[in-house]
Amino acid sequence: MSKAVVDLPPKGGFSFDLCRRNEMLISKGVHPPSFRKTGTTIVGLVFKDGVILGADTRATEGPIVCDKNCEKIHYIAPNIYCCGAGTAADTEAVTDMVSSQLQLHRYHTGRESRVITALTLLKSHLFSYQGYVSAALVLGGVDITGPHLHTIYPHGSTDTLPFATMGSGSLAAMAVFESKFREGLTREEGIELVCEAICSGIFNDLGSGSNVDVCVITKGHKEYLRNHQMPNPRTYVSSKGYTFPKGLTEVLTTKITPLKEKVEVIEGNDAMEE
Amino acid sequence: MNSIDATIAEKGLMSSEMGSERTLYPYVTGTSVIGIKYKDGILMAADMGGSYGSTLRYKSVERLKPIGKHSLIGASGEISDFQEILRYLDELILYDNMWDDGNSLGPKEVHNYLTRVMYNRRNKFNPLWNSLVLGGVKNGQKYLGTVSMIGVHFEDNHIATGFGNHLARPILRKEWHENLSFEDGVKLLEKCMRVLLYRDRSAVNKLQIAKITEEGVTISQPYSLKTFWGFSAFQNPTKGAEGSW
């Protein structure tokens, strides 16, 4: 093991050191651990006074629904929110990171954060990780320059759009948007269209489900409508209820083990003298 | 019939050393087909594009064809396989007409025949690379079904193949209802075709709509849809974010 003559300072971005080892492991048949994906429908649209973001609430781990009511609309700044699709840990971590960077920036400049600042921070982080940070985001907010809506892909490319959808249910939601979107929607029309697009994803895509979350951002004001629509209620509830009175279960044997043992303290000076 | 099949099977086994003679991938493909039941019968829509990989090679491919007196077929996927299927169906209808017994094959029968053909080809690992939509009316009964290249078949009130599965089916599930009038049916199909035109890269803006009722088949002349690109965000996408895209 030779020591490097010049110690290079740690650089940002992806370290490809373990890639050869991973390839060798895969060729030997060792499977990498699976991760929790959000297999999602997320949408955003620009309406008359600002931006409306929408998301479903199902988080999947392969074929299993691991969280029936998770939050996919993340806080970035008081006037900027971001929906995330892809690996749940990646979307959470990257949005938290940019959120704290923006807060420090706000303290430094004394001004409200701009959406393109968040966009540039997210885009350059994702690009430097070459798509390995699997986060596909719909970023929306209203700042001093007006309402903005952007999509960010895991490799770091971005689009500026009047309406956007991402995630596995994006085609179902986009079908609704492409047929019904027009400019200058009112708040109620916008919320209804967003809910319709998310419901289209919930009912036509297997990776999306449960409830609809909506976030409305306007100039100087935001409204986070958690579970704005719940189109998948529990339809059967047993009328008798689920009570388990004492004595219902038959006791076969009883064995009692006291957890606290009696400890004898011997007064001795040797051990802990010094 | 049996002896011919046996020799073909032997030849297949023997020639597998020389080289594969099965369809491995499609070459000239058509994109989605959409079909719906409406008040008087069936409405189907398909565009007229034949793509050769990523090139739009043929722009006047008719992918909707009448079959016999009672049926209408639409196909997406490999165009040459569709032409072969049309030959099989032509032979089927011809033999049926030769019986001259006053009876004629309805859409249900044609659908069943196609299912058997597709499934048997798939079992021989030599599929006809198509997704077919079969619709028709016989004796007042409307029928709309689909067969895929692996033999999956079912019938429903609205059918979509290819990209239409993802983009058109959500719209159809929401907005289809019994007893659509002809105008409403065409409007619904055009809505779906417009979304496909925006979002499917192999779609062309030249489509035909076919209608089949008890009276017969009408396939419209090719026409284009109006599209809207006038969003203010498209005029100046980097406003407020110069240097980005």
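What you see is a predicted model, and the numbers here were worked out from it, not measured in a lab.

**Some points on unusual backbone geometry**
All names here are of chain A. For Ser210, which is not glycine, the phi torsion reads 65° and is therefore positive. Even without glycine at this site, Asn227 takes up a positive phi of about 50°. Inspection of the secondary structure assignment puts Asn227 in strand S12 (residues 221-229). For Asn227, a relative accessible area of 18% translates into the label buried.

**As for the side chain of A:Lys72**
By secondary structure assignment, the location of A:Lys72 is in the loop between strand S4 (64-67) and strand S5 (73-77). Within the structure, the side chain of A:Lys72 is placed 2.6 Å from the backbone oxygen of A:Arg58, a separation counted as a polar contact.

**Here we look at the sheet that holds strand S12 (residues 207-213) of chain B**
Residue and element names in this part refer to chain B. Spatially, S11-S2-S3-S12-S13 is the arrangement adopted by the five strands of the open sheet, whose pairing is antiparallel. Both outer strands of the open sheet, strand S11 (158-160) and strand S13 (217-219), are each paired with one neighbouring strand and no more. Within the sheet, the average angular offset between the axes of one strand and its neighbour, ignoring direction, is 10°. Where S12 and S13 come together, three bridges link them in antiparallel fashion. Looking at S13, one finds that Ile212 is bridged to Val217. Each of strand S2 (33-37) and S11 touches helix H4 (residues 164-175); the most contacted strand, S11, lies at about 160° to it.

**Details of the interface of chain A and chain B**
Counting residues at the interface gives 24 residues for chain A and 23 residues for chain B. Contact between chain A and chain B buries roughly 1,900 Å² in total, counting both sides, with carbon and sulfur atoms accounting for 62%. Sorting the residues of chain A by area buried against chain B places A:Leu171, A:Glu178 and A:Glu183 first, and these three jointly supply 26% of that buried surface. Taken together, the links from chain A to chain B amount to three salt bridges. Here A:Glu178 makes a salt bridge to B:Arg199, at a shortest N to O gap of 2.8 Å. At the junction of chain A with chain B, the criterion picks out five residue pairs in polar contact (both at pLDDT 80 or more). Looking at the side of chain A that touches chain B, the element that brings in the most residues is helix H4 (residues 170-180) of chain A, giving seven residues. The class makeup of the residues in the side of chain A that touches chain B is ten nonpolar, eight polar and six charged.

**Structural notes on the UniProt feature "active site" (unreviewed entry) in chain A**
Residues and elements named next belong to chain A. Following the UniProt record, one finds the feature "active site" (unreviewed entry) at Thr40. Summarising the element assignment, Thr40 is placed in the loop between helix H1 (19-27) and strand S1 (42-46). Aside from chain neighbours lying at most four places away, what touches Thr40 is Asp56, Lys72, Gly84, Ala85, Met166, Gly167, Ser168, Gly169, Asp205, Gly207 and Ser208. Side-chain polar atoms of Thr40 contact the side chain of Lys72, separated by 3.1 Å.

**Side note on the state of the cysteines**
Residues and elements named next belong to chain A. Counted by the stated rule, this structure contains zero disulfides over all chains. Looking at Cys66, it has no disulfide partner, and the nearest cysteine sulfur is the one in Cys70, 7.7 Å off. For Cys66, a relative accessible area of 34% gives the class partly exposed. Cys83 supplies the cysteine sulfur nearest to Cys215, a cysteine that is in no disulfide, at a spacing of 7.8 Å.

Calculation notes
- Residues numbered from 1 in each chain as written.
- Chains lettered and ligands numbered in written order.
- Predicted model: local features only at pLDDT ≥ 70, side-chain atom pairs only at ≥ 80, totals over all residues.
- Heavy atoms only, no water.
- Helix = DSSP H or I, 4+ residues; strand = E, 2+ residues; numbered from the N terminus.
- Buried < 20%, exposed > 50% of the residue type's maximum accessible area, 1.4 Å probe, protein only.
- Polar contact = N/O pair within 3.5 Å; in protein donor to acceptor, adjacent residues only side chain to side chain.
- Pairing = 2+ DSSP bridges.
- Axes fitted to C-alpha atoms, helices over the stretch in contact; angles between N-to-C directions.
- Contact = heavy atoms within 4.5 Å.
- Buried area = accessible area lost by both parts, 1.4 Å probe.
- Salt bridge = Lys/Arg side-chain N within 4 Å of Asp/Glu carboxyl O.
- Nonpolar A, V, L, I, M, F, W, Y, C, P; charged D, E, K, R; others polar.
- UniProt positions renumbered as here; feature names shortened; annotations may be inferred.
- Disulfide = S-S within 2.5 Å.

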